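# Structural overview for review
Each chain, letter by letter, is given below.
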Amino acid sequence: MASNPERRAALVDAGVEVLAREGARGLTFRAVDGEAEVPVGTASNYFTGRDDLLRQIDARLHERLAPDPEVMSELLKGPRDRSLVTAFMHDLMARATRDRTGYLALLEMRLEATRRPELLASYTRSVRGDLEYGMEFHRDAGLPGGDETVTVLYLAMLGLILEHLTLPGVLDGVLPGVSVPNGLVERIVATVAPEG
């Protein structure tokens, strides 16, 4: 296996682009090589197989879509109330919108996991870990609500992000006077998170 970390990172990011654009069936080493503009056969020197590439894409997407620690630190200076929860959800939506390709690749990973048991186990652990981290963060930060609040926010935001990034017209005007996505983020948090 080749060990050039910069080249590996470029190939993984190329894999993200291919996955988001072509879906899992289009994610071939040849397609990744083409996207990365490297000689044919390069990706096969960096990954043991397609599952290895998918696992590395999963890890990379978690890096790309992770909250910025400086933004989080700044937000945590505010009162620990529903408005802070709203600010965190706006940040989540902004990150997903800013890296639309990364988020679409993440959705493709979900679909591919339904077809590949070995990926299903790995990806389930990864996503479950994110959810559990969110619950722990929420508790440690002293935000209103508990694990149920975080779980319902997770499900509602996942649905909003999915619709906004894939079929944005579905939500336009669904609630008169409520903007998409920001107004819907506000409504989700107001509905799910307790006031205190």
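For clarity, every value in this text was computed on a predicted model and none was experimentally measured.

## Comments concerning the pattern of salt bridges
One pass over the structure, following the stated rule, counts 16 salt bridges. Glu-22 is the salt-bridge partner of Arg-21, the closest N and O atoms lying 3.1 Å from each other. Judged by relative accessible area, Arg-21 falls into the partly exposed class, the value being 48%. Between Glu-74 and Lys-77 there is a salt bridge, with its nearest N and O atoms 3.0 Å apart. On the accessibility criterion, Lys-77 (61% relative accessible area) is exposed. The network of salt bridges with common partners includes Arg-50, Asp-51, Glu-112, Arg-115, Arg-116 and Glu-118.

## Thoughts on the nonpolar core
In this structure, Leu-27, Ile-57, Tyr-103, Met-109 and Leu-160 are the most contacted members of the largest nonpolar core, which totals 51 residues. Of all the secondary structure elements, the ones that give two or more residues to this core are α1 (5–22), α3 (50–64), α5 (82–98), α6 (100–113), α7 (117–140), α8 (147–166) and α9 (182–192).

## A closer look at the environment of Glu-132
Mapped onto the elements of the fold, Glu-132 is located in helix α7. A residue is classified by how much of its surface remains accessible, and Glu-132, at 38% relative accessible area, is partly exposed. Remark: the alpha-carbon pair of Glu-132 and Asp-147, spanning 15 residues in sequence, is separated by 8.8 Å.

## Digging into the packing of aromatic side chains
Each aromatic ring pair is characterised by the separation of its centres together with the angle its planes make. Going through the model one piece at a time under the given rule, you end up with 3 aromatic pairs. Ring geometry for Phe-88 versus Phe-137: centroids 5.4 Å apart, planes at 80 degrees, classification edge-to-face. Of this pair, Phe-88 sits in helix α5 while Phe-137 sits in helix α7, and the two are 49 residues apart along the sequence. Given a relative accessible area of 7%, Phe-88 falls into the buried group.

## Describing the side chain of Thr-42
Position of Thr-42 among the secondary structure elements: in the loop between α2 (29–36) and α3. What makes Thr-42 buried here is its relative accessible area of 9%. Apart from the residues within four sequence positions on either side, Thr-42 is in contact with Arg-7, Leu-11 and Asp-33.

## Notes on unusual backbone geometry
In this structure, Pro-181 follows Val-180 across a cis peptide bond, with omega equal to 5 degrees. Summarising the element assignment, Pro-181 is placed in the loop between α8 and α9. Even without a glycine there, the phi angle at Glu-37 is positive, about 55 degrees. Relative to the helices and strands, Glu-37 resides in the loop between α2 and α3.

Here is what the cut-offs are and how they apply
Residues take numbers from 1 onward in each chain, read along the sequence in its written order. Whole-chain, interface and lining totals are the exception, using all residues; otherwise, since this is a predicted model, local features are given only for residues with pLDDT of at least 70 and side-chain atom pairs are given and counted only at 80 or more. Side-chain metrics in this entry use all non-hydrogen atoms of the structure; hydrogen atoms and water are not considered. Here a salt bridge means any side-chain nitrogen of Lys or Arg lying within 4 Å of a carboxyl oxygen belonging to Asp or Glu. For every residue, the accessible area (1.4 Å probe, protein chains only) is compared with the maximum for its type, and the residue is labelled buried under 20%, exposed over 50%, or partly exposed between those bounds. Side-chain atoms within 4.5 Å link the members of a nonpolar core, which is a set of buried Ala, Val, Leu, Ile, Met, Phe, Trp, Tyr and Cys residues. Secondary structure is summarised from DSSP: a helix means a run of H or I of at least four residues, a strand means a run of E of at least two, and numbering begins at the N terminus for each. Put simply, two rings from Phe, Tyr or Trp (the six-membered ring, in Trp's case) pair if the centres are within 6.5 Å, and we call them stacked under 30 degrees between planes, edge-to-face over 60, tilted for the rest. Contacts were defined at the residue level, with two residues in contact if any of their heavy atoms lie within 4.5 Å.

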